[in-house]
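Residue-level structural notes
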Amino acid sequence: MIEIVKQEIRKKIESIYDTDQVIVEEPKRGFADLAIPLFSLAKIWKMSPQKVYEKISEDVKVDHVSHIEFMNGFLNIYLERKKLSLGILSNIFEKQEHYGDQLLEQEETVVMDYSSPNIAKSFGVGHLRSTMIGNSINLIHKKLGYKTVAVNHLGDWGTQFGKMIVAYQKWGNESDLVKAPIQEMQRLYVKFHDEEKTDDTLEQQARDVFKKLEDNDETYTKLWEWFKEESLKEFMEMYDLLNVSFDSFAGESFYNDKMDAAVKLLEEKNLLKVDDGATIVDLGEDMPPALIKRTDGATLYITRDLAAILYRHQTYHAQKILYVVGNEQQLHFKQLKKVTDLMGYNFDLEHINFGLVLIDGKKMSTRGGKFKRLEDVIKQAIELAKDAITSKNPNLKNQEEVAKAVAIGAIIYNDLKNERHLDVDFNLENMLKFEGQTGPYLQYSGVRIESMVKDYDIDLSIVDENVFEQDHYFEIVMLLAQFPNILHRAKEQYAPSVISKYIMGLAQAFNSFYGKERIIVEDQGVFNANLLFARSIQIVINEGLRLLGIKSLKEM
Ligand code: ARG
């Protein structure tokens, strides 16, 4: 609602005076509710800021503006705080978790490609980033009315399966693999790369095997299916824990029978070239060519991605495809986009990249020792959370469930609290603290409000709106009013951190408010105003948490 007032003022002045130089700000605490800096208009109109103030003052007084004043080159605006606050808060209370929901006039479909781990490898902490960022961006789009298709583009095809099969046949056996499938596959994978250092025929062997796999060799196909099945079991457990779901698990192998058509299209459009026996698309000076087929005819990662794009456009009529994948694949997505451009399509493909996960400041990798299995990490986090919770609240029922929500919330918040381009430091102890910028702090803020208000029903008819005149109330009301805009910004920038920072600010504001003001008071008018106020804050914090993929709690 405050946004509407701001917009109205800006638009009105801009249209009357034919300028685009009007900024309506929300100044820092203690100043006015809104302010317009007058310097740039003064410069353009060649008059003093005071004169500008006099010239436009009547036009600023739109609905909900109570009065204005001139101060130090600014036009200060004071709002009708009571009326506005009541409007904003009762709107939130009425809509509950649907506050901020949007309907789109025209249906728009976005394909979200995220998580997409590689089969036969553990689901590492590194894959968590794509999973959580993708999940959050997906939820944000849905809230804003988009139709989304969440696709897990599983890495279930490619030369690495040649390697796996070679390694299994040389150094593996069935009983070890059945006992601890992923660990064993992981061991074989590492072994292959170790052996490769001294045996330079291994690489070629793996390629040959993969080629045969692509040609439907029965034994190899069976092995591959088995590897995939076992890997998926572990992935599904992770997704369950993390409460993440997908609309499709069409991974790379899904495109096996769809690649010929894609290659044929490239051929028809005269884009294919043979280079040293391999089939490529030349992408000009600024990037290396896209390798479409190897000398032996085997296809590549990019070939499958190309087929996937065509499929997604045909099947889902996607207006946009978002790929949530780490920085290291930047070139791949640039090439992909360039190839589709050359094909004459104007597809909107966006690579949503992100930084690394660091442990003690060092990069994690699958091959080195620094690799952590997500499952182990989560289990460890749950234990730590349980300790913290039982010491805080020994009588808590369903401790197990709460510990799980806290642990996973902590991991997710740690991942989403900063801009996604930045590296994430993975330190369980820090992320599980109940103070500071953590998931548990946010969950606890919601729980605190819950414990204050849960026994009371709000009577909107007797709310005493006079309390909202006070700065420490109205500032928070202004914050709450920003939520729809925050969602918009998070979507535009593909940035869950916009939401994570916002709800952190809100929780901090409430906690400092609560340091000065009691919620439960004698006066029924004030009491009901406080209830409405606190509930609205809780609704927005919890909905923000949900959009990050974090569970909110009633007790902890
Ligand atoms: N499986 C790949 C990896 O883990 C990510 C796949 C991303 N999605 C895509 N359509 N290329 O590196």
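Let us look at the structure shown here.

About the cut-offs
Residues numbered from 1 in each chain as written. Predicted model: local features only at pLDDT ≥ 70, side-chain atom pairs only at ≥ 80, totals over all residues. Heavy atoms only, no water. Helix = DSSP H or I, 4+ residues; strand = E, 2+ residues; numbered from the N terminus. Buried < 20%, exposed > 50% of the residue type's maximum accessible area, 1.4 Å probe, protein only. Contact = heavy atoms within 4.5 Å. Areas by Shrake-Rupley, 256 points an atom, 1.4 Å probe, with all protein chains shown as cover. Pairing = 2+ DSSP bridges. Axes fitted to C-alpha atoms, helices over the stretch in contact; angles between N-to-C directions. Core = buried A, V, L, I, M, F, W, Y, C linked by side-chain atoms within 4.5 Å. Near = heavy atom within 4 Å. Polar contact = N/O pair within 3.5 Å; in protein donor to acceptor, adjacent residues only side chain to side chain. Phe/Tyr/Trp six-rings, centres within 6.5 Å; stacked < 30°, edge-to-face > 60°. Lys NZ or Arg CZ within 6 Å of the ring centre and 35° of its normal. Arc of directions from axis to C-beta. Expected span 1.5 Å × (residues − 1).

1. With respect to the overall build of the protein
A tally of regular secondary structure across the protein gives 21 helices and 13 strands. Projected onto the principal axes, the alpha-carbon positions of the protein cover approximately 80 × 65 × 40 Å. When the 556 residues of the protein are sorted by exposure, 53% land in the buried category. Pairs at least 24 apart in sequence give 73% of the contacts found in the protein among residues at least 6 apart. Surface summary for the protein: the accessible area is close to 25,700 Å², and the carbon and sulfur share equals 47%.

2. Description of the sheet that holds strand β1 (residues 34-37)
In spatial order, the strands read β1-β3-β2; together these 3 strands make up an open sheet with antiparallel pairing. Looking at which strands have only one partner, the edges of the open sheet turn out to be β1 and β2 (65-71). For this sheet the average axis-to-axis angle between neighbouring strands, irrespective of direction, equals 20°. Relative to strand β3 (residues 74-79), β2 runs antiparallel, the two sharing 6 bridges. Note on β3: the bridge partner recorded for F70 is L75. Here helix α1 (residues 2-17) sits on the sheet and contacts β1, β2 and β3; the angle it forms with β1, its principal contact strand, is near 25°.

3. Some thoughts on unusual backbone geometry
Generally, phi is negative for residues other than glycine and the peptide bonds are trans, each holding for most cases. Residue N270 is not a glycine yet carries a positive backbone phi of 60°. Summarising the element assignment, N270 is placed in the loop between α11 (259-268) and β6 (272-275). A positive phi angle, close to 50°, is found at Y494, a residue other than glycine. You can call Y494 buried: its relative accessible area is 9%.

4. Some details on the nonpolar core
Judged by nonpolar contacts, the single largest core of 155 residues is most densely connected at I9, I77 and L79. Residue contributions to this core peak at 14 residues, all from helix α21 (residues 524-548). Residues contacting I9, with those up to four places away along its chain left out, are V24, L34, I36, V60, V62, V65 and I77. V111, V263, A307 and V339 belong to the second-largest nonpolar core, a separate cluster that totals 31 residues.

5. Topic: the pairing of strand β4 (residues 109-113)
Among the 5 residues in β4, 5 count as buried, and that is most of the element. Of the two faces of β4, both are covered, the one formed by T109, V111 and D113 as well as the one formed by V110 and M112. As defined by bridge partners, β4 adjoins strand β5 (residues 147-151) across 5 bridges and the pair is classed as parallel. Bridge pairing in β5 places D113 opposite V151. As paired strands, β4 and strand β9 (residues 320-324) are joined by 4 bridges and run parallel to one another. Bridge pairing in β9 places M112 opposite L322.

6. Focus on the site of the ligand
As a structural note, the neighbourhood of the ligand is formed by D113, S116, N118, H127, H153, Y301, D305, Y323, V325, Q329 and F333. Contacts to the ligand include N118, whose side-chain N or O atom sits 2.7 Å from a nitrogen atom. The side chain of D305 places a nitrogen or oxygen atom 2.7 Å from a nitrogen atom of the ligand. Look at the ligand: alone it shows 350 Å² of surface, and the protein chains cover 90% of it.

7. A word on the packing of aromatic side chains
Scanning the model with the defined rule gives 31 aromatic pairs in all. A ring pair is formed by Y239 and F249, whose centres lie 6.4 Å apart and whose planes are at 55°; its orientation type is tilted. Here the residue Y239 occupies a position in helix α10 (residues 218-242), and F249 occupies one in the loop between α10 and α11, the gap between them amounting to 10 residues. Between F468 and Y473 the ring centres are 6.0 Å apart and the planes differ by 75°, which places this aromatic pair in the edge-to-face class. Accessibility assignment for this pair places F468 and Y473 in one class, buried. Put simply, the rings of Y114, F123, F235, Y239, F246 and F249 pair up and form one aromatic cluster. Lying across the ring of F254, K258 places its NZ or CZ 4.0 Å from the centre. One cation-aromatic arrangement involves K392 over F434; the distance from NZ or CZ to the ring centre is 4.9 Å.

8. Comments concerning the sheet that holds strand β8 (residues 290-293)
With antiparallel pairing, the 3 strands of this open sheet are ordered in space as β6-β7-β8. Looking at strand neighbours, the two that pair on one side only are β6 and β8, the edges of this open sheet. Neighbouring strand axes in the sheet, compared pairwise and without regard to direction, differ in orientation by 45° on average. Across 4 bridges, the pairing between β6 and strand β7 (residues 278-281) is antiparallel. In the sheet register, K273 faces β7, and the bridge partner there is I280.

9. Topic: helix α19 (residues 483-492)
Turning to α19, its buried residues are F483, I486, L487, A490 and K491. Along the axis of α19, the buried positions cluster into a sector of 135°, meaning they face one direction only. At the C-terminal side of α19, Y494 shows a positive phi close to 50°.

10. Quick notes on α21
Under the 1.5 Å per step criterion, the end-to-end length of α21 is 36 Å for 25 residues, consistent within 8% with the ideal 36 Å. α21 sits mainly inside the fold: 23 of its 25 residues count as buried. Measuring from the side-chain oxygen of the N-cap residue of α21 to the backbone nitrogen of G525 gives 2.9 Å; that N-cap residue is D523. Where α21 terminates, the next one or two residues include G549, which has phi positive at roughly 95°.

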